[in-house]
Amino acid sequence: MPEQENIERIAEKISWQTQEYEFVHKTSEWYWVVGIIAAGIAIASLFFGNILFAVLIIVAAFTVMLFGARPPQTVHCELTNQGLKLNNEFHSFKSLESFWIYLQTPASIIFKSKKMLSPYIIIPLEYLNPDNTRAFILKHLPEEEHQIPFAELLSRRLGF
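Think of each chain on its own: its residues are numbered from 1, step by step along the sequence as written. In keeping with the predicted nature of the model, local features appear solely for residues at pLDDT of at least 70, side-chain atom pairs appear and are counted solely at 80 or more, and the whole-chain, interface and lining totals rest on all residues. Hydrogens are left out, water is left out, and the side-chain values use all remaining heavy atoms of the structure.

Quick look at the nonpolar core now. Trp-16, Leu-79, Ile-109, Phe-111 and Ile-123 are the most contacted members of the largest nonpolar core, which totals 20 residues. Residue assignment for this core shows that the elements contributing at least two residues are β1 (14-19), β2 (74-79), β3 (83-86), β5 (96-102), β6 (108-113), β7 (120-124) and α4 (130-138). Contacts of Leu-79, omitting those with residues within four sequence positions, involve Glu-12, Lys-13, Ile-14, Trp-16, Leu-84, Phe-93, Ile-109, Phe-111, Thr-133, Phe-136 and Ile-137. By convention a nonpolar core is built from buried Ala, Val, Leu, Ile, Met, Phe, Trp, Tyr and Cys residues, the set being connected through side-chain atoms within 4.5 Å. To sort residues, take the accessible area from a 1.4 Å probe on protein chains only and compare it with the maximum for the residue type: under 20% means buried, over 50% means exposed, and anything in between is partly exposed. Ranked by size, the runner-up nonpolar core spans seven residues in total, among them Val-34, Ala-38, Ala-42 and Ala-61. Numbering of helices and strands starts at the N terminus; helices are DSSP runs of H or I of at least 4 residues and strands are runs of E of at least 2. Every residue pair with non-hydrogen atoms within 4.5 Å of one another is taken to be in contact.

Structure representation (structure tokens):
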């Protein structure tokens, strides 16, 4: 049972730092497109008499532009025998259902949470060895294949 011996020899915790997301510099054209689309939707909603929706679209567009300009923060990630810690936010293994290590670029760990509003937690692996990380997590959670959610793929495509 050499594999079992390797699992037992893994450290009590694994910690690393990563960026909150991969920052993509946005050109002025990106901001113009967001503004023009938002203005078009707001004008159409005003045409149909929905003033509240027009205000909501303008506020949402402004928020998207602010978020697009914000550089990512550094996140301290730590896997312990109790759970996952991301900066000051703790997720116990009891609140997680399963995990999957996604090896395509960028390599990430995808945790499936039991929470309805945030069903997936996706963390870049950075320089970690995927095999050691997988062995550590397998002591606490079952491995189940997960795909990167559509919303995450869309946000990456849009530069978030």
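Next comes the rest of the account.
Our next topic: the sheet that holds strand β4 (residues 89-92). Any two strands with at least two DSSP bridges between them are considered paired. Strand order in this open sheet of four strands is β1-β2-β3-β4, and the pairing throughout is antiparallel. Only two strands of the sheet have a single neighbouring strand rather than two, namely β1 and β4. Taking the axes of each pair of neighbouring strands and ignoring which way they run, one obtains an average angle of 15 degrees across the sheet. Across four bridges, the pairing between β3 and β4 is antiparallel. Looking across to β4, one finds that Gly-83 is bridged to Ser-92. Helix axes are fitted only over the stretch in contact, all axes being lines through C-alpha atoms; the angle between N-to-C directions runs from 0 to 180 degrees.

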